Amino acid sequence: MIRFTLNGQPAEIAPDAMLLATLRENIGATGTKAGCEIGRCGACTVLCDGAPMNACLLMGWQIEGSEITTIEGIGTLAAGAVLIRAMEIENGFQCGYCAPGVMMSLTGLLSRDPAPSDAGLEEALEGNICRCTGYHSILRGARLARK
Ligand code: FES
């Protein structure tokens, strides 16, 4: 088994297992959503050592020793906690299915750049598909969260 850290806790995954499936089916961390499962929709976005990545494209052998953060652990990150509050204020999401992935992508950006430009925010969301809001409310929340 491959050892990694999940939201600050030790975790294991089979080397040939998909991280997304392991999170949802073995660990019970169902906040990370399954959409396309081919790296196109961003619903499954997690942070791997601080970088947003698609959990449907990560296999166990690729994350040995890595720190994986999912939506369940986002509140422990300073940028994530601010973003949660900002999205609440701006009603950032409608159906919410894309929300975990969007939150992880934006937290990854805001953790390394607390004051991104509007273009930077939009670029960070290029891999996240939302079919409800047209991104306006998501971007309002993201702008409120930046410094
Ligand atoms: Fe991973 Fe769509 S489920 S990108």
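From a predicted model like this one, the values you see are computed outputs, not experimental measurements.

What counts as what
Residues numbered from 1 in each chain as written. Predicted model: local features only at pLDDT ≥ 70, side-chain atom pairs only at ≥ 80, totals over all residues. Axes fitted to C-alpha atoms, helices over the stretch in contact; angles between N-to-C directions. Helix = DSSP H or I, 4+ residues; strand = E, 2+ residues; numbered from the N terminus. Parallel < 35°, antiparallel > 145°, perpendicular 65-115°, else oblique. Left-handed = near helix turned anticlockwise from the far one by under 90°. Contact = placed C-beta atoms within 7 Å. Nonpolar A, V, L, I, M, F, W, Y, C, P; charged D, E, K, R; others polar. Pairing = 2+ DSSP bridges. Buried ≥ 20, exposed ≤ 12 C-beta atoms within 10 Å, placed from the backbone. Expected span 1.5 Å × (residues − 1). Arc of directions from axis to C-beta. pLDDT = per-residue confidence, 0-100.

**With respect to the packing of helix α2 (residues 78–90) against helix α3 (residues 99–112)**
Point 1. It is the contact of α2 with α3, at a shortest axis distance of 8 Å, that shows an interaxial angle of 125°. As judged from the angle between their axes, α2 and α3 are oblique. Crossing handedness for the pair α2 and α3: right-handed. On the side of α2, the interface is formed by A79, G80 and L83, while α3 contributes M103, L106, T107, L110 and S111.
Point 2. When its residues are assigned to classes, the contact of α2 with α3 shows five nonpolar, three polar and no charged.

**With respect to the sheet that holds strand β2 (residues 9–13)**
Sheets are built from strands that pair by backbone hydrogen bonding, the pairs being arranged parallel or antiparallel.
Point 1. Across the sheet, five strands lie side by side as β2-β1-β5-β3-β4; this open sheet has mixed pairing. Of all the strands in the sheet, just β2 and β4 (51–54) have a single pairing partner and so form its edges. Taking the axes of each pair of neighbouring strands and ignoring which way they run, one obtains an average angle of 40° across the sheet.
Point 2. Bridge count between strand β3 (residues 45–48) and strand β5 (residues 67–69): two bridges; the pairing is antiparallel. Following the sheet pairing, L47 is matched in β5 by T69.
Point 3. Its contacts with the sheet place α3 against β3 and β4, and it is angled at close to 30° to β3.

**Considerations on the environment of G28**
Point 1. Its location among the elements puts G28 in the loop between α1 (19–27) and β3.
Point 2. By the C-beta count within 10 Å, which is 9 here, G28 ends up exposed.
Point 3. Expressed as a C-alpha distance, the spacing of G28 and I84, which sit 56 residues apart in the sequence, is 22 Å.

**Side note on α2**
Point 1. End to end, α2 covers 19 Å across 13 residues, agreeing with the expected 18 Å (1.5 Å per residue, within 8%).
Point 2. Of the residues making up α2, those classed as buried are A79, G80, L83 and M87. Around the axis of α2, the buried residues are gathered within 90° of arc, so they sit on the same side. Exposed positions of α2 whose direction lies more than 90 degrees from the buried face are A78, E88 and I89.
Point 3. The elements touched by buried residues of α2 are α3 and α5 (136–145).
Point 4. One or two residues past the end of α2 sits N91, with phi positive at roughly 50°.

**As for the confidence of the model for the chain**
Detailed reading of the predicted coordinates is not advisable wherever pLDDT falls low.
Point 1. Of the residues in the chain, 100% reach a pLDDT of 70 or more, and the chain-wide mean stands at 97.
Point 2. For this predicted complex, the interface confidence reaches an ipTM of 0.96, while the overall pTM sits at 0.95.

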